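Structural characterization, general
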Amino acid sequence: NIDVDSIGDEIGITNWENGRLTYLSLANLDIENIPYSISILDALELLFLNDNNINSLPPTFCQLPSFCNIFIQNNNLCPEYQWNCIYQFTPQDCQE
């Protein structure tokens, strides 16, 4: 399994504009954890975390820019994580 903190330039699909990350796709990478530091991506416009094994989100997650479209469907998130900042949440595999 992959922790997002350990991801280098060789994993995922990215787009940079003026030295700032605007597009990040980490779909289908068996990711389980999202770091608190996700919120420093203040130029991010599209974030794809779908089809992983994420089961929780850090409280800083919705500090991403309000214009960022977040796709996080097909993970292991329970309904308490269906926050307004997430553009595409369902479906999830929540094993309670």
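Structural data are supplied above this passage.
Residues numbered from 1 in each chain as written. Predicted model: local features only at pLDDT ≥ 70, side-chain atom pairs only at ≥ 80, totals over all residues. Heavy atoms only, no water.

1. Quick look at the side chain of Gln-73
- If you trace the backbone, Gln-73 turns up in the segment after strand E6 (69–71).
- With sequence-adjacent residues up to four places away left out, Gln-73 is seen in contact with Asn-50, Asp-51, Gln-88, Phe-89, Thr-90, Pro-91 and Gln-92. (Helix = DSSP H or I, 4+ residues; strand = E, 2+ residues; numbered from the N terminus. Contact = heavy atoms within 4.5 Å.)

2. Points about the environment of Ile-11
- As for its position among the elements, Ile-11 is in the loop between strand E1 (2–3) and strand E2 (13–17).
- With a relative accessible area of 22%, Ile-11 lands in the partly exposed category.
- Setting aside residues no more than four positions away along its own chain, Ile-11 makes contact with Leu-26 and Leu-29. (Buried < 20%, exposed > 50% of the residue type's maximum accessible area, 1.4 Å probe, protein only.)

3. Details of the nonpolar core
- Of all hydrophobic cores here, the largest spans 20 residues; its most connected members are Leu-47, Leu-57, Phe-61 and Ile-72.
- Not counting the four nearest positions on each side in its chain, Leu-57 is found in contact with Ile-34, Ile-72, Leu-77, Tyr-81, Trp-83 and Ile-86. (Core = buried A, V, L, I, M, F, W, Y, C linked by side-chain atoms within 4.5 Å.)

4. Some details on the sheet that holds E2
- Taken in spatial order, the 4 strands line up as E2-E3-E5-E6 in an open sheet, and their pairing is mixed. Of all strands in the sheet, those bounded by a partner on one side alone are E2 and E6. Pairwise comparison of adjacent strand axes, ignoring direction, gives a mean angle of 20° for this sheet.
- Pairing of strand E5 (residues 46–48) with E6 involves 3 bridges; the strand directions are parallel. (Pairing = 2+ DSSP bridges. Axes fitted to C-alpha atoms, helices over the stretch in contact; angles between N-to-C directions.)

5. Some details on the pairing of E2
- Across 5 bridges, the pairing between E2 and strand E3 (residues 20–25) is antiparallel. Residue Ile-13 lies in a different strand from E3, and its bridge partner there is Ser-25.

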